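Analysis of the macromolecular model
This is what each chain is made of:
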Amino acid sequence: MENVRVRFAPSPTGPLHIGGARSALFNWLFARHYGGKMVVRVEDTDLERSTGEYEELILDSLRWLGLNWDEGIAVGGEHGPYRQQERLEIYRPYVDKLLETGQAYHCYCSGEELEAEREALLARNELPRYLGKCRNLTLKDREELCASGKQPVVRFRVPEGQTLVVDDLVRGRVEFESDGIGDFIIIKSDGIPTYNFAVVLDDALMDITHILRGEEHLSNTPRQILIYEALNFTLPKFAHISLILGEDRSKMSKRHGATSVVQYRQDGYLPEALVNFLALLGWSPEGEEEIFPVHELVSRFSLKRVSKSPAVFNFEKLKWMNAHYIREASIERVTELCLPHIQEAGLVETDITPERLAWLEQVVATVQEKLEYCAQSPELVRVFFGETVELDDEEDIRLVMAMETTPAVLNTFRDKALTFAQWDGDTVRQTLKEVGKELGVKGKPLFMAVRVAVSGQSHGPDLNSLLALLGPALVAKRLEHTLHSM
């Protein structure tokens with residue numbers, strides 16, 4: 001396949017949604033697979049909701065995911081500008097052409113009239129559509145309406161009795177009857193083009209060859225095909241990707257969990273994990289593997305294996321996949337991702353020193369295997385912070401503390417800890433061995449007693465690593481506190 005050109009064209013009315021990220025990813029994978037180009041532009045005709053802040057947030061999310069683009073916003077190219085608000089003059093001649101040829105006309109119907117028409121159609125169980133009241137206005141009619149101060153919209157004149165066919169690369173042949181569409185608006189009364197009109201002109205003038213987008217846009221496609229045909233533009237190939245559903249199989253929303261890329265980034269998910277997970281939402285490669293580096297996703301991606309059925313967003317699977325990538329990442333990177341969360345929890349200072357950071361890396365290393373996402377890190381590493389601990393209210397802990405040998409174990413280990421200015425894992429291991437030998441205690445009565453007294457928990461990081469990183473002075477202080485509270 002030669003000269004593939006795809007585009008991702010978000011509206012800057014909010015952060016990048018998971019569904020939008022999946023669409024951007026599929027476009028990017030398709031372009032990279034065929035050696036084509038990806039264009040990123042902005043559909044900002046929603047003047048009330050579009051903001052520059054959201055635009056930058058979307059672009060930053062794409063960069064974070066590694067979905068670099070070849071042309072468009074912040075990159076440039078020969079088909080710019082890449083914001084619809086900056087392309088209004090480009091659209092104007094095409095509106096004039098449609099008006100001149102009679103394929104479009106001015107409509108002066110008020111909102112009240114249109115709502116009444118809509119309610120009447122619904123009452124007759126008919127599909128709401130414009131019935132063409134202004135289709136055949138004379139020049140005199142238009143002059144009188146203009147003189148009354150009415151600002152018209154421009155409607156596209158939908159031909160009657162046609163079957164419009166979409167040969168969708170995912171869904172196959174889809175047919176629409178033109179009689180069920182109704183003449184639709186292409187220019188609003190304020191002169192701003194509607195989505196269906198602007199998107200066709202942008203795609204055609206930017207030489208887009210394939211349009212990969214969400215299933216919710218399928219109903220727009222027949223209107224867009226009509227505009228392509230009216231302006232003698234080459235029709236691109238369409239591929240409509242199924243919706244992403246929550247685990248209850250309803251449309252994904254905030255009640256199912258985080259829906260924006262920025263939230264997953266803030267929660268400490270790795271971009272390669274999110275990319276891997278999103279790629280498998282609606283696309284299934286051959287084989288049973290589920291972990292794919294980006295270069296393999298590119299080589300394997302094909303629209304032939306994109307499903308028509310909705311994809312279900314499984315949060316547990318995402319956490320499992322992210323945990324895999326966390327385990328594979330360097331401890332320096334994992335610590336960097338955990339640090340903001342640990343700082344926000346007040347466990348370490350904001351202006352952390354290199355020495356303190358090096359110690360924190362060792363701390364994070366003890367919990368790296370248990371992390372599903374980095375926002376979990378404060379609770380997992382909390383045991384390493386604070387001069388005293390409170391014992392968890394668990395039966396196992398009560399049983400350990402009630403053992404006859406526990407006071408002697410804690411006193412002896414405390415006394416030995418006080419003889420060290422510093423120690424490491426080997427020193428800790430040897431000291432525990434000495435305590436056990438002196439008291440004739442081993443196994444749970446030895447190791448669990450020390451763990452509970454030092455951490456307040458019956459489980460947690462490797463005991464030797466925990467004690468070594470706390471240091472002998474803090475271990476002794478915690479043991480003393482526990483002994484006094486027994």
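Just above, that's the structure.
The following paragraphs examine the structure supplied in this document. (Residues numbered from 1 in each chain as written. Predicted model: local features only at pLDDT ≥ 70, side-chain atom pairs only at ≥ 80, totals over all residues. Heavy atoms only, no water.)

1. Focus on the overall build of the chain
From N to C terminus, the chain includes 20 helices and 12 strands. Relative to the compact-globule value of 23 Å for 486 residues, the chain shows a C-alpha radius of gyration of 32 Å, a clear excess of over 25%. Projected onto its principal axes, the C-alpha coordinates of the chain cover approximately 110 × 50 × 40 Å. Counting every position in the chain, which comprises 486 residues, the buried fraction comes to 48%. In the form shown here, the chain has an accessible surface area of approximately 23,500 Å², with 49% of it arising from carbon and sulfur atoms. With 55 positive and 75 negative side-chain charges, the chain shows a spacing of 3 Å between the two charge centroids. (Helix = DSSP H or I, 4+ residues; strand = E, 2+ residues; numbered from the N terminus. Rg over C-alpha atoms; globule rule 2.2 N^0.38 Å. Buried < 20%, exposed > 50% of the residue type's maximum accessible area, 1.4 Å probe, protein only. Areas by Shrake-Rupley, 256 points an atom, 1.4 Å probe, with all protein chains shown as cover. Lys, Arg positive; Asp, Glu negative; His and termini not counted. Charge placed at Lys NZ, Arg CZ, Asp CG, Glu CD.)

2. As for the sheet that holds strand β4 (residues 104-107)
Pairing within the open sheet is antiparallel, and its 3 strands lie in the order β4-β5-β8. Bordering the open sheet on either side are β4 and β8 (185-187), each of which pairs with just one other strand. Each neighbouring strand pair of the sheet contributes to a mean axis angle of 45 degrees, computed without reference to strand direction. Helix-sheet contacts for helix α3 (residues 88-100) involve β4, β5 (153-156) and β8, and the interaxial angle to β4 is about 95 degrees. (Pairing = 2+ DSSP bridges. Axes fitted to C-alpha atoms, helices over the stretch in contact; angles between N-to-C directions. Contact = heavy atoms within 4.5 Å.)

3. Some remarks on the nonpolar core
Ile-186, Phe-313, Leu-360, Phe-384 and Leu-467 are the most contacted members of the largest nonpolar core, which has 139 residues in total. Ranked by the residues each element gives to this core, the list is headed by helix α1 (residues 18-33), at 9 residues. Residue contacts for Leu-467: discarding those within four places in its chain leaves Phe-413, Trp-423, Val-428, Leu-432, Val-450, Val-454 and Val-475. Tyr-105, Cys-109, Tyr-130 and Val-153 belong to the second-largest nonpolar core, a separate cluster that totals 6 residues. (Core = buried A, V, L, I, M, F, W, Y, C linked by side-chain atoms within 4.5 Å.)

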